[in-house]
Amino acid sequence: MAVFTAVSLDDLHQWIKQYPLGQAVGLEGISSGIDNSNFFLNTAHGPHSGQYVLTIFENLRFDQLPFYVKLMAHLAERGIPVPAPVPNTDGELVVALHGKPAIIVSRLQGSSELDPQPVHCGEVGRMLARMHLAAQDFALHQPNLRGLDWWVETAPAVLPYLEEAEAALLRSEVAYQSEFAAGATYAQLARGPVHADLFRNNVMFEGERLSGCFDFYFAGVDTWLYDVAVTVNDWCVDLATGVLDPARVRALLDAYHEVRPFTDDERAAWQPMLRAGALRFWLSRLYDLHLPRAAELLTPHDPTHFERILRERIACPAPNLP
């Protein structure tokens, strides 16, 4: 959510007339994140009290965006607390701004819980299971663009920048995940649309109540277990060491299981999938650090955080699924 494409209120004066929101009266760039340009947008009126988020997509093409945007609309219609896309007067959800795809969505209320306790993790697990079930009948299909194919393609680009110990770990884990994904257990895992990036800063709370989740622009069809693993690797770890907190893990997994019970195949795949979730974000952070794009507001995330998590998942099995 860094600002790669600059936008001013003057830029929006004519552009926003295609929406039933009135004139834009406030615009503020959002500095966190690294893949799209995002702004808090206030308008004169609108169905969501005039508070919205404007996103300009820097990497995704117009033809890729219907999956993400319509998935959010699909989930919102089924009561999942996600940003609701706003159509323009022609019913279009994605339109061009400065020659790039752009979207306006409702702004969620609340704030991120950056020091989660078991109660927060339970809320996240319950909502994630509800999200998976609600998306089962979503008609569009988009692969996870940061899945195994991307790992295999991207690893060689970052290897020249790594020390030998890091390079050896990266090569070994990509090979391990490739072999696991070719096996019978992986083939039996339940799958469907997943968020794939449900970190602490992508979920909002009001007190101990989860009020919404956002940033679906890494979503794709993948195994539901992968989505759970990515979530656990962020919500349930000690940030300094990457070690899992058993109480938070238990709260998240038990709450998920109450809504959508885990299968025997998922229990067998749990440890490899936690490693997969760690590899994905270690590799993407390595890529963003060593092969960066220019941006007005950009703070690359530290890749060593997920290197620690990956090494920890390899060395120490996590609590099992219920």
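Right, let's walk through the structure included here. Note that the structure is predicted; figures quoted are calculated from it, not measured.

**Let's talk about the overall build of the protein chain**
Phase 1 of the analysis: Check the secondary structure of the protein chain and you find 10 helices and nine strands.
Phase 2 of the analysis: A compact globule built from 322 residues should have a C-alpha radius of gyration of about 20 Å, and the protein chain, at 20 Å, falls within 12% of that.
Phase 3 of the analysis: In terms of overall dimensions, the protein chain has C-alpha extents of about 55 × 45 × 35 Å along its principal axes.
Phase 4 of the analysis: Burial analysis of the protein chain (322 residues in total) assigns 55% to the buried set.
Phase 5 of the analysis: Across the protein chain, every contact between residues at least 6 apart in sequence was considered, and the portion connecting residues at least 24 apart equals 75%.
Phase 6 of the analysis: If you sum the accessible surface of the protein chain, you get close to 13300 Å²; carbon and sulfur atoms cover 53% of it.

**Examining the packing of helix α7 (residues 224-235) against helix α9 (residues 264-290)**
Phase 1 of the analysis: In contact at an axis separation of 8 Å, α7 and α9 are set at 60° when each is read in the N-to-C sense. Classified by the interaxial angle, the pair formed by α7 and α9 is oblique. Remark: the crossing between α7 and α9 carries right-handed chirality. Across from Leu225, Tyr226, Val228, Ala229, Val230, Val232 and Asn233 in α7, the residues of α9 making contact are Glu266, Ala269, Trp270, Met273, Leu274, Ala276, Gly277, Ala278, Arg280 and Phe281.

**Side note on the pairing of strand β7 (residues 203-206)**
Phase 1 of the analysis: Relative to strand β8 (residues 209-213), β7 is paired through four bridges, and the arrangement is antiparallel. In the strand pairing of β8, Met204 is matched with Gly212.
Phase 2 of the analysis: Here β7 hands over to β8 after two residues, with Gly207 in that stretch at a positive phi of 70°.

**Details of the environment of Gly212**
Phase 1 of the analysis: Mapped onto the elements, Gly212 comes out in strand β8.
Phase 2 of the analysis: On the basis of relative accessible area, Gly212 is assigned to the buried category, the value being 0%.
Phase 3 of the analysis: In this structure the C-alpha to C-alpha distance between Gly212 and Gly110, which are 102 residues apart in sequence, comes to 8.1 Å.
Phase 4 of the analysis: Look past the residues within four positions of Gly212 in its chain and what remains in contact with it is Pro81, Leu108, Asn202, Val203 and Met204.

**Section: the pattern of salt bridges**
Pairs may arise between side chains of opposite charge once their charged atoms sit close together.
Phase 1 of the analysis: Scanning the entire structure with this criterion turns up 14 salt bridges.
Phase 2 of the analysis: For Glu164, the salt bridge is made with Arg171, and the minimal N-O distance between the two is 2.9 Å.
Phase 3 of the analysis: One salt bridge in this structure joins Arg311 and Glu307, with 3.2 Å as the shortest N-O distance. One end of the pair is Arg311 and the other is Glu307, both in helix α10 (residues 304-315) and four residues apart, which spans about a single turn.

**Quick look at the packing of aromatic side chains**
Phase 1 of the analysis: Using the criterion set out here, one finds 12 aromatic pairs in the structure.
Phase 2 of the analysis: Judged by centre distance (6.2 Å) and plane angle (70°), the ring pair of Trp150 and Tyr287 falls under edge-to-face. Residue Trp150 is located in helix α4 (residues 148-158), and its partner Tyr287 is located in helix α9; the two are separated by 137 residues in the primary sequence.
Phase 3 of the analysis: A relative accessible area of 13% means that Trp150 is categorised as buried.
Phase 4 of the analysis: Judged by its relative accessible area of 28%, Tyr287 falls in the partly exposed class.
Phase 5 of the analysis: The rings of Phe57, Phe67, Tyr68, Phe138 and Tyr217 are connected pair by pair, giving a single aromatic cluster.

Reading the values: rules and limits
- Residues numbered from 1 in each chain as written.
- Predicted model: local features only at pLDDT ≥ 70, side-chain atom pairs only at ≥ 80, totals over all residues.
- Heavy atoms only, no water.
- Helix = DSSP H or I, 4+ residues; strand = E, 2+ residues; numbered from the N terminus.
- Rg over C-alpha atoms; globule rule 2.2 N^0.38 Å.
- Buried < 20%, exposed > 50% of the residue type's maximum accessible area, 1.4 Å probe, protein only.
- Contact = heavy atoms within 4.5 Å.
- Areas by Shrake-Rupley, 256 points an atom, 1.4 Å probe, with all protein chains shown as cover.
- Axes fitted to C-alpha atoms, helices over the stretch in contact; angles between N-to-C directions.
- Parallel < 35°, antiparallel > 145°, perpendicular 65-115°, else oblique.
- Left-handed = near helix turned anticlockwise from the far one by under 90°.
- Pairing = 2+ DSSP bridges.
- Salt bridge = Lys/Arg side-chain N within 4 Å of Asp/Glu carboxyl O.
- Phe/Tyr/Trp six-rings, centres within 6.5 Å; stacked < 30°, edge-to-face > 60°.

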